[in-house]
2 protein chains.
Amino acid sequence: MRPCRAIGFDADDTLWHNENIFERVHERYRALLARYHDAGTVDRTLFATEMRNLELYGYGVKGFTLSAIETAIALTDGRIGAEEIQILLQQGREMLAHPVELLDGVAETLAALAGTHRLLIITKGDLRDQERKLAKSGLAAHFSHIEILSEKDEAAYATVLRRHAIAPAEFLMVGNSLKSDILPVLALGGAAAHVPYPLTWGHERVAEAPAAPGRFFPLASIRDLPALLRP
Amino acid sequence: MRPCRAIGFDADDTLWHNENIFERVHERYRALLARYHDAGTVDRTLFATEMRNLELYGYGVKGFTLSAIETAIALTDGRIGAEEIQILLQQGREMLAHPVELLDGVAETLAALAGTHRLLIITKGDLRDQERKLAKSGLAAHFSHIEILSEKDEAAYATVLRRHAIAPAEFLMVGNSLKSDILPVLALGGAAAHVPYPLTWGHERVAEAPAAPGRFFPLASIRDLPALLRP
């Protein structure tokens, strides 16, 4: 690929596990509501509630927990008990307090790239939660800047790159979400490396792989980055 | 006062009303739980829950709503009904969707100062909620930078000033909270103007007014800023 000066990294499901925590919570949520509805109905209704609330709540565990309580009340016609709502609250706190588990290869790859490139984190979600995860990850020292955004679209990336005086042509974004990490950066003229995570939240799914020859790089692992960047 | 190049503004209760919205919500909360407990017990228990959850949830409406649901379950020994929890969820959404009401004098004062000084917003709380309020306020164009932090302590201000290459000696912070807007900036060697709001959340109350002659300025209104800044 063409030389790049700055590399942006998504955080959740790119540097550390996240969607697997949500997946386990979804399983317990289905079990909690199993005597009222089948798993498909529970999943669809919760997702619809999350999408309806996304504009107000934004991304993150607190908004998810509020949507899960709202959905549980709706799906049970108000028969859900206070103890069950307490379980949902407790589950939300456990998600926030969850240990950070780095993905395979992340620590070594970042340590190597930090010596040769300017590294940024560009993530979305809840401010305090993302800061806490970064602190727990032990990775903070590798990054020159941390950008926690409420949305990762073309305009948001343009603002971040302008703020740090990075030209799109010298920027590579690395992430697991085609929608949030890859497509908006390609649209700006930057390069993007897609490292898929085994699970993808419905909201982040897109139908088509991008076509941007010489600027889009599907990778099997973050470990493949140094070879991609070698001149 | 000594000349200053950059002015930081707190947002909630400095530029627009906020605590009055929480105050109305507290009144409705007391009424909701009145058949279980007196107002003092409700207030104290909710505040204790908020403080216990603050490290995990951070500031903002979503964390407040989760703490309010948790407290309602605890204070009623689980007898609270799903309809009442639905009311709390609905109340949280209304707080997030609430119109932004500027404080008296804010629009004119910022318009005047934007011509002579570099203006920043330095606020804490929920990322999306603060961005939405700023967009609704119509004030965004006056500010060169918006900093939404998870905490406003000395270290956080030091990071922000370093990031924008502002020396503490040429910085004035304006806000309603002695704890979050005034004391940490004075400790760094900056100047601070305190414009009190009629209501102060318990967590932001401090016992003592700061002593920093020539750097601390209690003002009755944001309208008094231009005179303070006049050389």
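Placed above this text is the structure.
Colleague: Before we go on, may I ask you to explain the relation of the copies chain B and chain A in this structure?
Modeller: Its rotation angle being 180°, the transformation that places chain B on chain A also includes 0.0 Å of axial translation and leaves an RMSD of 0.0 Å. The transformation just described matches what one would write down for a two-fold rotation axis. Here 100% of the contact residues of chain B are again contact residues in chain A; the copies associate through an equivalent surface.

Colleague: Is there a simple way to explain helix H8 (residues 178-187) of chain A in this structure?
Modeller: Since the α-helix turns once every 3.6 residues, residues separated by three or four places project in the same direction. Residues and elements named next belong to chain A. Here H8 lies mainly inside the structure; seven of its ten residues are buried. Buried residues along H8 sit in contact with strand E2 (118-124), helix H7 (154-163), strand E4 (171-175), strand E5 (191-194) and strand E6 (216-218). Count one or two residues on from H8 and you reach Gly189, which has phi positive near 100°.

Colleague: Explanation requested: the sheet that holds strand E1 (residues 6-9) of chain B in the structure shown.
Modeller: The pairing of strands in a sheet happens through backbone hydrogen bonds and is either parallel or antiparallel. Residue and element names in this part refer to chain B. Pairing is parallel in the open sheet, where six strands are placed in the order E3-E2-E1-E4-E5-E6. Of all the strands in the sheet, the pair left with one neighbour each is strand E3 (145-149) and strand E6 (216-218). Averaged over neighbouring strand pairs, the angle between their axes works out to 20° when direction is ignored. By the bridge criterion, four bridges tie E1 to strand E4 (residues 171-175) in an arrangement that is parallel. Bridged to Ala6 within E4 is Phe171.

Colleague: Hey, could you run me through the packing of helix H3 (residues 61-75) of chain B against helix H4 (residues 82-97) of chain B in this one?
Modeller: When two helices pack together, their arrangement is given by the angle between the helix axes and the distance between those axes. All names here are of chain B. Where H3 contacts H4, the axes come no closer than 10 Å and their chain directions differ by 165°. Taken as axis vectors, H3 and H4 run roughly antiparallel relative to one another. Pair H3 / H4 crosses with right-handed handedness. From H3, Val61, Lys62, Thr65, Ala68, Ile69 and Ala72 reach across to H4, where they touch Glu84, Ile85, Leu88, Leu89, Gly92, Met95 and Leu96. Of the residues belonging to the contact of H3 with H4, the class tally is nine nonpolar, two polar and two charged.

Colleague: Even after reading the chapter, I still don't get the interface of chain B and chain A, so can you show me in this structure?
Modeller: Often, the extent of an interface is quoted as the loss of accessible area on bringing the components together. Every contact between the two is made by 26 residues of chain B and, on the other side, 26 residues of chain A. Mapped onto the side of chain B that touches chain A, the elements with two or more residues apiece are helix H2 (39-57), H3, H4 and helix H6 (127-137) of chain B. Here the side of chain B that touches chain A takes nine residues from H4(B), the largest share from any one element. When grouped by side-chain class, the residues that make up the side of chain B that touches chain A number 13 nonpolar, seven polar and six charged.

Conventions used here
Residues numbered from 1 in each chain as written. Chains lettered and ligands numbered in written order. Predicted model: local features only at pLDDT ≥ 70, side-chain atom pairs only at ≥ 80, totals over all residues. Least-squares fit on C-alpha atoms with pLDDT ≥ 70 in both. Contact = placed C-beta atoms within 7 Å. Buried ≥ 20, exposed ≤ 12 C-beta atoms within 10 Å, placed from the backbone. Helix = DSSP H or I, 4+ residues; strand = E, 2+ residues; numbered from the N terminus. Pairing = 2+ DSSP bridges. Axes fitted to C-alpha atoms, helices over the stretch in contact; angles between N-to-C directions. Parallel < 35°, antiparallel > 145°, perpendicular 65-115°, else oblique. Left-handed = near helix turned anticlockwise from the far one by under 90°. Nonpolar A, V, L, I, M, F, W, Y, C, P; charged D, E, K, R; others polar.

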